[in-house]
Amino acid sequence: MKAFTTIKSTAVPLPIEDVDTDQIIPARFLKATTRDGFGDNLFRDWRFDRDNQPKPDFILNNPTYSGEILIAGKNFGCGSSREHAAWAIGDYGFRVVVSSFFADIFRGNALNNGILPVIVAPAFLDEVFKTIEANPQATFTVSLEEQYFQIDATGNKAAFEIGPYKKNCLLNGYDDIDYLLSQAAEIEAYEKI
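Residues numbered from 1 in each chain as written. Predicted model: local features only at pLDDT ≥ 70, side-chain atom pairs only at ≥ 80, totals over all residues. Heavy atoms only, no water.

Colleague: How should the sheet that holds strand 3 (residues 69-72) be read in this particular structure?
Modeller: The strands that make up a sheet pair up through hydrogen bonds in the backbone, lying either parallel or antiparallel. Taken in spatial order, the four strands of this open sheet run 2-3-4-5, and their pairing is parallel. Of all strands in the sheet, those bounded by a partner on one side alone are strand 2 (11-14) and strand 5 (116-119). Here the average twist between neighbouring strands, direction ignored, is 20°. In the sheet, strand 3 pairs with strand 4 (residues 96-99) via three bridges, with the strands oriented parallel. (Pairing = 2+ DSSP bridges. Helix = DSSP H or I, 4+ residues; strand = E, 2+ residues; numbered from the N terminus. Axes fitted to C-alpha atoms, helices over the stretch in contact; angles between N-to-C directions.)

Colleague: Just checking my understanding: could you explain the nonpolar core for this structure?
Modeller: Nonpolar side chains in soluble globular proteins tend to be buried together. The biggest cluster of nonpolar side chains holds 54 residues, and the ones touching the most others in it are Phe-43, Ile-71, Phe-76, Leu-116 and Phe-149. The residues contacting Ile-71, other than those within four sequence positions of it, are Ala-11, Val-12, Pro-13, Leu-14, Pro-15, Val-98, Leu-125, Val-128, Phe-129, Ile-132 and Phe-149. (Core = buried A, V, L, I, M, F, W, Y, C linked by side-chain atoms within 4.5 Å. Buried < 20%, exposed > 50% of the residue type's maximum accessible area, 1.4 Å probe, protein only. Contact = heavy atoms within 4.5 Å.)

Colleague: I'm lost on the environment of Asn-172 in this one. Help?
Modeller: Summarising the element assignment, Asn-172 is placed in helix 6 (residues 164-172). By relative accessible area, Asn-172 is classed as partly exposed at 38%. Between the C-alpha atoms of Asn-172 and Arg-35, which are 137 residues apart in sequence, the distance is 20 Å.

Colleague: What exactly am I supposed to notice about the layout of surface pockets here?
Modeller: Where empty space is left can be seen by rolling a probe of water-molecule size over the atoms. The calculated volume of the largest pocket comes to roughly 250 Å³. Lining the largest pocket are 14 residues, and of these Trp-87, Gly-90, Asp-91, Asn-113 and Ile-115 lie nearest its centre. Looking at the lining of the largest pocket, its residues break down into five nonpolar, four polar and five charged. (1 Å grid on protein atoms, 1.4 Å probe; cavity = no way out; pocket = protein on both sides within 12 Å on 5 of 7 lines; lining within 4 Å. Points joined across faces, edges and corners; volume = space filled by probe spheres on them. Nonpolar A, V, L, I, M, F, W, Y, C, P; charged D, E, K, R; others polar.)

Colleague: Just checking my understanding: could you explain a nonpolar patch on the surface for this structure?
Modeller: The grouping of Ile-177, Leu-180, Leu-181 and Ile-187 at the surface amounts to a nonpolar patch, some 400 Å² of accessible area in total. Of the residues forming the nonpolar patch, the biggest block, three residues, is contributed by helix 7 (residues 176-182). By the secondary structure assignment, Leu-180 is in helix 7. (Patch = residues over 30% accessible without salt bridge, like charges linked within 9 Å, V, L, I, M, F, W, Y side chains within 5 Å. Areas by Shrake-Rupley, 256 points an atom, 1.4 Å probe, with all protein chains shown as cover. Salt bridge = Lys/Arg side-chain N within 4 Å of Asp/Glu carboxyl O.)

Shown next as structure tokens:
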């Protein structure tokens, strides 16, 4: 995985609550066994019509909005526990998803796949949406090391929580196997005791 430290980026607003994993990546696209290509079908049924033409009113089809940060409504990633949802978000190019609440399994899958789920208070989330509405080119800073999400135009920050193990993994670009390999010398030394 790619190491994660600080990201400064514009953001894509998706102010929809209760977005489930079937909306993120519909079940009919779960046949692949590698992580590649899932971004093409991210929010497939919202992005494209029945003739596979982009729907102009869906946010990901609007060239005004771009960036590595997805700003989502409350209860993002609910529904079935498909890891493919995190694969699709990452493959599309998002490194961070911000919401006031994530489904636990989605949150874990995101962290395991190098995507940082940032939980902020509902009032702060509303301020972020209003900032993007006022200026689609507004930037935001996400510091994993210092654990904050910042609205750059105002300097307003929200702290976020992350467990020390997953923080370490993201900072170093480790998945669980990479982390174990990074501990090889300590493991070998312990085995000699």
